[in-house]
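Structural features, examined
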Amino acid sequence: MTNHARVLLAIAVDPRMRVRDIAASIGITERAAQSIVSDLEEAGYIKRNRVGRRNHYRIEPGVPFRHHTEADMPVQILIDIFTHRETPEGGAGSPLPSMTEDRGRSG
């Protein structure tokens with residue numbers, strides 16, 4: 001999976017996540033994470049909204065993938081696959097915890 005996809009999924013799990021937390025959660029530099037967030041925003045996959053001193057993000061789930069082999073599929077399919085798990089009973093589980101576990105979030 002690309003780092004762009006990983007950043008998109010981190011935002012899907014927590015739209016209020018700071019860029020430094022996104023970077024830490026997927027193992028890239030803060031600068032790389034900022035660049036990817038900008039790429040995703042320019043491509044129309046996310047919208048950024050400033051709230052006080054923080055950014056909150058909104059994913060645009062209907063935007064299709066750019067690559068011609070997946071151009072007929074919206075990005076929501078990727079988000080659904082990786083942010084929800086099936087429970088043994090067959091029901092939908094909670095979002096993947098590994099994206100946000102064990103990190104404090106301060107202001």
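Residues numbered from 1 in each chain as written. Predicted model: local features only at pLDDT ≥ 70, side-chain atom pairs only at ≥ 80, totals over all residues. Heavy atoms only, no water.

Before going further, it helps to examine a nonpolar patch on the surface. On the surface, Met1, Ile77, Ile81 and Phe82 cluster together into a nonpolar patch covering about 360 Å² of accessible area. Of note, methionine 1 is situated in the segment before helix H1 (3-13). (Patch = residues over 30% accessible without salt bridge, like charges linked within 9 Å, V, L, I, M, F, W, Y side chains within 5 Å. Areas by Shrake-Rupley, 256 points an atom, 1.4 Å probe, with all protein chains shown as cover. Salt bridge = Lys/Arg side-chain N within 4 Å of Asp/Glu carboxyl O. Helix = DSSP H or I, 4+ residues; strand = E, 2+ residues; numbered from the N terminus.)

So, on to the pairing of strand S1 (residues 46-51). Across six bridges, the pairing between S1 and strand S2 (residues 54-59) is antiparallel. Looking at S2, one finds that lysine 47 is bridged to arginine 58. In this antiparallel pair of consecutive strands, S1 and S2, the connection spans two residues, and glycine 52 shows a positive phi of 65°. (Pairing = 2+ DSSP bridges.)

Right, let's talk about the layout of surface pockets for a bit. Considering only enclosed or pocket space, the largest pocket measures out at about 280 Å³ in volume. Taken together, 14 residues make up the lining of the largest pocket; nearest its centre are Thr2, His4, Tyr45, Phe65 and Arg66. A total of three residues in the lining of the largest pocket trace back to one element, the largest contributor, which is H1. Classifying every residue of the lining of the largest pocket gives eight nonpolar, three polar and three charged. (1 Å grid on protein atoms, 1.4 Å probe; cavity = no way out; pocket = protein on both sides within 12 Å on 5 of 7 lines; lining within 4 Å. Points joined across faces, edges and corners; volume = space filled by probe spheres on them. Nonpolar A, V, L, I, M, F, W, Y, C, P; charged D, E, K, R; others polar.)

For side chains bearing opposite charge, pairing can occur when the charged atoms are close. Counted by the stated rule, this structure contains three salt bridges. In this structure, arginine 18 engages aspartate 21 in a salt bridge whose closest nitrogen and oxygen atoms are separated by 3.0 Å. In terms of burial, arginine 18 and aspartate 21 fall into one category: buried. As a salt-bridge pair, arginine 58 and glutamate 60 come within 2.7 Å of each other at their nearest N and O atoms. (Buried < 20%, exposed > 50% of the residue type's maximum accessible area, 1.4 Å probe, protein only.)

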